[in-house]
Amino acid sequence: MSNIHHLTPPPRTAYELELEVLSNEAVNGEYRLLVLNAPRGLLERCRAGQFFHLLCPQMGGQAPYLRRPMSIYGFYPEREELHFLYKVTGEGTRALAMLRRGHGLNVLGPLGKPFTIKPEWEQLVLAARGVGLATLAPLALEARRLGKELTAICSARSESVLMSVDLFRHMGANVITLVDEDGSSSVDNVEAVLNTLIDGPGIDAFYTCGSNRLLKLLQKVGTRHGIPGQIALEQQMACGLGMCHCCVRPFRKDGGIVNLRVCREGPVFDIQEAVAW
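Residues numbered from 1 in each chain as written. Predicted model: local features only at pLDDT ≥ 70, side-chain atom pairs only at ≥ 80, totals over all residues. Heavy atoms only, no water.

Per an unreviewed UniProt entry, the chain is named Dihydroorotate dehydrogenase B (NAD(+)), electron transfer subunit, and its organism is Nitratireductor thuwali. Of the comments in the UniProt record for the chain, the one headed Sequence similarities (unreviewed entry) reads "Belongs to the PyrK family." Entered under Cofactor (unreviewed entry) in the UniProt record, the comment concerning the chain runs "[2Fe-2S] cluster". (UniProt positions renumbered as here; feature names shortened; annotations may be inferred.)

What follows is the structure, encoded as structure tokens:
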């Protein structure tokens, strides 16, 4: 029988702050980039894979009730900027899209368990689709800082909505773009791309976010070749702090199934422990 399994979380500090909007612009037909002015001390606590809980404004007829969890797209202490990339899909994100320069936005964070890069991992591969690439963007910055080799497999429905490609290239990553339009994003082709990388420079670790089919593929390839990996999971949340258990989902652990809170024990988990949905 499943049970709520609480791991002892590492000590962490989060802040609730009102941050000024610097810009909130469309980057393509589906996604927007929100840039906030944030204090250096806050940004220095951020890590790749973490998220903030945003108190979406009540404006323009939109009245979102709960905060919205949003992965950190970029954090730049030297510029005092905190970035979020989001898709307008519901009441909360419609309200966010109405924010303009000079508006304030209440944020709570940074929250959650971040990605890790072990010292012995030199060849890193991240693979994601759509907005899932936003969560992995700060990982490219960390990989460059540590001098790691990074390959970014960026997948989307079409070229027009491919995300973060220029950012990954700017970070020195080898970027592979795959889209549904020409069939290159099929599971079989992604597996062929991974096998080519394994046979070439090799792969020391996988990173992914958001896509069920990519999770299952990376679990299969990782098991076959003994390649570890991590996944950042997206989940609806109420408190974001681990108290409400709204974000609980099952994981394989210690030979059984346990229920963990994505906001507190995650959002980053061992890729083999995640249960496909």
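Novice: Got a sec to walk through the pairing of strand β8 (residues 123-129)? Specific residues and values, please.
Specialist: Across the seven residues that make up β8, a large majority, five, are buried. In this sheet, strand β9 (residues 149-156) lies alongside β8 in parallel orientation, the contact comprising seven bridges. Along β9, the bridge assignment pairs arginine 129 with serine 155. The handedness of the β8 to β9 crossover, carried by helix α3 (residues 132-146), is right-handed. The pairing of β8 with strand β11 (residues 205-209) spans five bridges and is parallel. In the strand pairing of β11, leucine 124 is matched with alanine 205. (Buried < 20%, exposed > 50% of the residue type's maximum accessible area, 1.4 Å probe, protein only. Helix = DSSP H or I, 4+ residues; strand = E, 2+ residues; numbered from the N terminus. Pairing = 2+ DSSP bridges. Right-handed = clockwise from strand over helix to strand, strands pointing away.)

Novice: Kindly report on the pattern of salt bridges, identifying the contributing residues and their values.
Specialist: According to the stated counting rule, one finds 13 salt bridges in the structure shown. When the shortest N-O distance is used, the salt bridge between arginine 157 and glutamate 30 registers 2.3 Å. Of this pair, arginine 157 sits in the loop between β9 and α4 (165-170) while glutamate 30 sits in the loop between β1 (15-26) and β2 (31-37), and the two are 127 residues apart along the sequence. The exposure class of arginine 157 is partly exposed, given its relative accessible area of 42%. Among the ionic pairs, arginine 261 bridges to glutamate 265, the shortest N-O distance being 2.5 Å. (Salt bridge = Lys/Arg side-chain N within 4 Å of Asp/Glu carboxyl O.)

Novice: Residue-level account of the sheet that holds strand β4 (residues 68-71), with values.
Specialist: On the basis of which strands lie adjacent, the open sheet formed by seven strands has the order β4-β3-β7-β1-β2-β6-β5 and antiparallel pairing. Edge positions in the sheet fall to β4 and β5 (74-76), since each has one partner strand and no second. Each strand axis lies, on average, 35° off the axis of its neighbour in the sheet, ignoring direction. Here β1 pairs with strand β7 (residues 104-111) via six bridges, running antiparallel. When the sheet's bridge partners are listed, glutamate 20 is paired in β7 with glycine 104. In this fold α3 packs onto β4, β5 and β6 (81-87), with an angle of close to 40° to the strand it touches most, β5. (Axes fitted to C-alpha atoms, helices over the stretch in contact; angles between N-to-C directions. Contact = heavy atoms within 4.5 Å.)

Novice: Got a sec to walk through the confidence of the model for the chain? Specific residues and values, please.
Specialist: Per-residue confidence for the chain gives a mean pLDDT of 91, with 96% of residues at or over 70. Contacts from residues 1-10, a stretch scored under 50 in pLDDT, to residues over four places away or in other chains number 18 contacts. (pLDDT = per-residue confidence, 0-100.)

Novice: Which residues make up the side chain of glutamate 265, and what values go with them?
Specialist: Within the element layout of this structure, glutamate 265 appears in the loop between β14 (256-261) and β15 (268-270). We classify glutamate 265 as buried; its relative accessible area is 6%. A distance of 2.5 Å separates polar atoms of two side chains, one belonging to glutamate 265 and the other to arginine 261. (Polar contact = N/O pair within 3.5 Å; in protein donor to acceptor, adjacent residues only side chain to side chain.)

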